[in-house]
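What follows is the residue order along each chain.
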Amino acid sequence: MTRYFVPLLLATSLLTACAVGPNYVRPHTALSAAAPFIGAENTAVTREAVIDKWWMMYNDPVLDRVVADAIAANTDIRVAAARVDHARALLRDAKSNRLPTTGINVSVQRERLPSSQVFPGEGREQTVYDGGLSLSYEVDLFGRVSRGIEAAHGDAAAAQADADGVRAAVIADTVRAYLDITTSAEQLKVAQDTVTLLDTSVRITSARFDVGRSDRLDVLRVMALRDQQAALVPQILADRRAALLRLATLTGRAPADLPADLALQVITPQPAAPIPVGDGAALIARRPDVRAAERRLAADSARIGVATAELYPHISLGGSIGSTALGGQNVLGDGASRWALGPLISWTFPNFSAARARIAAARADDAASLAQFDGTVLIALEETERALTRYARLRERIEILTRTRDEAQRAARITLARQREGRIDFLTVLDAQRTLASAETDLVTARRDASFAQVDLFRALGGGWART
C-alpha cells in the first residue's frame, strides 16, 4: 500500500499552496508617524536609539537589584508567561492538523449467523479475528489548515508581545515605586527642616513675648505655622510606607520579606546622561502594544481564509491495512490480509449563507483589528510626545523653583536676624517663613514629579521588554 499512498500524498501536497483568503500585508505607516519627535528639542533628551535596560542609566546598584527581583518574581509577569505558553500550545495544535491521523484496531468477535447465510456443512457459530492499521490525511487544497496555522502564529506572537508589554510595565512601576521611596525621604527631610526652622522662630517670638516686646498673637501665629508643617510629616511617612509595600508586591514578596536596606534609601538617583528617545519609526517597531495589535491584525486576516475555505469541499486521503480471519485460520496468513486506499471528499452544502456570514464576520473582525492597530500607533505617539513635553516643562519648573527657594532662604535669614534686633515687625517675619516653607515644598514636589515624568517617558518609549 505504501508505494501507492506516498506518491499520491506528495502529489496532493503540492496543491496546498492555493490557499483562499487575502494574503496579509503589514499596514503602511505614515511618514509623519515615523518622523523625529516634536518634543525632542531639549537638552534633557537625545535622538539616539533607545536602550532597553534604561533603568541602568540611574547608576544605582540597589535599583538594578530591585528590577531584577521584579523580573524574576512578579506575579503579573508569571501570568503573562503562562498565557504565552497557552498560545504556543494552540499553535502546536494547529500545526498538528498537517500530520496524518493514524489508528490501530484489534477485535475478536464471537457470532451466530442465520442459517440462510451459512454454507451447507458449516457451523452457524464462528469467531472472527480482525486487526489493522488505518491512516488518513487531509489535503489542504484550499488552505483551511495553513490559514489556521497562520492565525495561530499571529495569536502566539501577539501573546508574546502582550507579555513583553507586561514586563515593560512592571519594570516601570518598580522604578517608580523605588523613586517614590527616595523622593518621599527628600520630602520628609524638607518638612522636618522646615519644622526645625519654625521651632527657632517660636523660641525667638516666645522670648520676645516674655520681655514684653511681642504679643501673644504673634506666638500663636508662628506656632500655628509650625504645627501646620509638622502635620505634613505623618502623611509623608504613610506615603513612603505605601511605596515600600507596593515595591514588595511588585517584586513578589510579602511586606515582611522586603530587604531592610530599601527603607534606608534617601537620595533620588538621576539619569547619568540625556535620555535617548529615537524617532517615531523606531517607536512603532519597538512598542509591545503596537506589535501585539499588528500580530492580531495578521491573525484576523488569516481567519478570513479559514472561513472562506468552508465554502469548498474537504478532501482527505485514507488507507488501511490489516487482517481478518475466521475461527482457527491463520490470522497472519496471506489469505487473511486486506488493504484499502482511496480519497474521501466531503462537502457541506447547500447552507452557504452560514459560511458567507462567517466570512463577513471575519472581514469585520479584520477591519476592527486594522482600526485598533492604527489607534494603537496614534496613542503610542501621543503618549511619547506628551511625556516629552511634560518632562521638559518640569525641568524648567525646577529651575524656576530653585531660584525661588534660594531667594526665600535669603529673605528668611534676613528677617530672622532683624527680628532678633527688633528692627522688623512680626508679620514680615511670618510671611518670609511661610514663603520659604511653600518654596521648599514646591521644589521637592517638582523634583518628585520630574522623577515620575522620567519613568513615564521611559514607559512611553517602550523599553525594558527584551529578554536576555
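Since the model is a prediction, treat every value here as computed from it, not as a measurement. (Residues numbered from 1 in each chain as written. Predicted model: local features only at pLDDT ≥ 70, side-chain atom pairs only at ≥ 80, totals over all residues. Heavy atoms only, no water.)

(A) Region of the structure containing the overall build of the protein chain. When helices and strands are counted, the protein chain shows 11 helices and 6 strands. Surface exposure of the protein chain reaches about 24,900 Å², of which carbon and sulfur atoms provide 57%. (Helix = DSSP H or I, 4+ residues; strand = E, 2+ residues; numbered from the N terminus. Areas by Shrake-Rupley, 256 points an atom, 1.4 Å probe, with all protein chains shown as cover.)

(B) Here's a closer look at helix H5 (residues 144-210). Relative to the 99 Å expected for 67 residues at 1.5 Å per residue, H5 spans 96 Å between its end C-alpha atoms, a close match to the ideal helical length. Backbone geometry just after H5 places Gly212 at a positive phi near 80°. (Expected span 1.5 Å × (residues − 1).)

(C) Representation of the environment of Phe373 within the structure. Secondary-structure assignment places Phe373 in helix H10 (residues 352-421). You can call Phe373 buried: its relative accessible area is 2%. For Phe373, the contacting residues outside a window of four places in its chain are Pro27, Val290, Ala293 and Glu294. (Buried < 20%, exposed > 50% of the residue type's maximum accessible area, 1.4 Å probe, protein only. Contact = heavy atoms within 4.5 Å.)

(D) Expanded view of the layout of surface pockets. Considering only enclosed or pocket space, the largest pocket measures out at about 260 Å³ in volume. Lining the largest pocket are 17 residues; nearest its centre among them are Gln270, Tyr391, Arg395, Ile398 and Gln454. Of all the secondary-structure elements, those providing two or more residues to the lining of the largest pocket are H5, H10 and helix H11 (426-461). Per-class residue counts for the lining of the largest pocket are 8 nonpolar, 6 polar and 3 charged. (1 Å grid on protein atoms, 1.4 Å probe; cavity = no way out; pocket = protein on both sides within 12 Å on 5 of 7 lines; lining within 4 Å. Points joined across faces, edges and corners; volume = space filled by probe spheres on them. Nonpolar A, V, L, I, M, F, W, Y, C, P; charged D, E, K, R; others polar.)

(E) How the structure looks around the packing of helix H6 (residues 216-230) against helix H7 (residues 232-250). Two elements in contact, H6 and H7, have axes separated by 4 Å at closest approach and are oriented at 5°. In terms of axis orientation, H6 runs roughly parallel to H7. Of the residues in H7, those touching H6 at Gln228, Gln229 and Ala230 are Leu232, Val233 and Pro234. A class-by-class count of the residues in the contact of H6 with H7 yields 4 nonpolar, 2 polar and no charged. (Axes fitted to C-alpha atoms, helices over the stretch in contact; angles between N-to-C directions. Parallel < 35°, antiparallel > 145°, perpendicular 65-115°, else oblique.)

(F) Looking closely at the environment of Val67. Residue placement: Val67 occurs in helix H3 (residues 61-73). Taking relative accessible area as the criterion, Val67 reaches 1% and is therefore assigned buried. Separated by 12 residues in the primary sequence, Val67 and Trp55 place their C-alpha atoms 8.2 Å from one another. When sequence neighbours within four positions are dropped, the list of residues in contact with Val67 reads Trp55, Ile171, Thr174 and Val175.

(G) Summary view of the pattern of salt bridges. Here the structure, examined in full by the defined rule, presents 23 salt bridges. We note a salt bridge from Asp180 to Arg448, for which the minimum N-O separation is 2.5 Å. Of the two residues, Asp180 is situated in helix H5 and Arg448 in helix H11; the sequence distance between them amounts to 268 residues. Between Glu383 and Arg287 there is a salt bridge whose closest N-O contact spans 3.0 Å. Of this pair, Glu383 sits in helix H10 while Arg287 sits in the loop between helix H8 (280-286) and helix H9 (288-309), and the two are 96 residues apart along the sequence. Overall, Glu383 belongs to the partly exposed group, its relative accessible area being 29%. Salt bridges here are not isolated pairs; linked through shared partners, they connect Arg26, Glu294 and Arg295. (Salt bridge = Lys/Arg side-chain N within 4 Å of Asp/Glu carboxyl O.)

(H) Spatial organisation of a nonpolar patch on the surface. A contiguous nonpolar patch, built from Ile104, Val106, Leu133 and Ile321 and spanning about 430 Å² of accessible area, is present on the exposed surface. Among the structural elements, Ile321 can be located in strand S5 (residues 314-326). The class of Ile321 is partly exposed, set by a relative accessible area of 42%. (Patch = residues over 30% accessible without salt bridge, like charges linked within 9 Å, V, L, I, M, F, W, Y side chains within 5 Å.)

(I) Just the side chain of Asn74, in detail. Structurally, Asn74 can be placed in the loop between H3 and helix H4 (75-95). Within the local environment of Asn74, its side chain forms a polar contact with the backbone nitrogen of Ile77, the two atoms lying 3.1 Å apart. For Asn74, the contacting residues outside a window of four places in its chain are Asp69, Val170, Thr249 and Leu250. (Polar contact = N/O pair within 3.5 Å; in protein donor to acceptor, adjacent residues only side chain to side chain.)

Worth remembering: the numbers are spatial, not functional.
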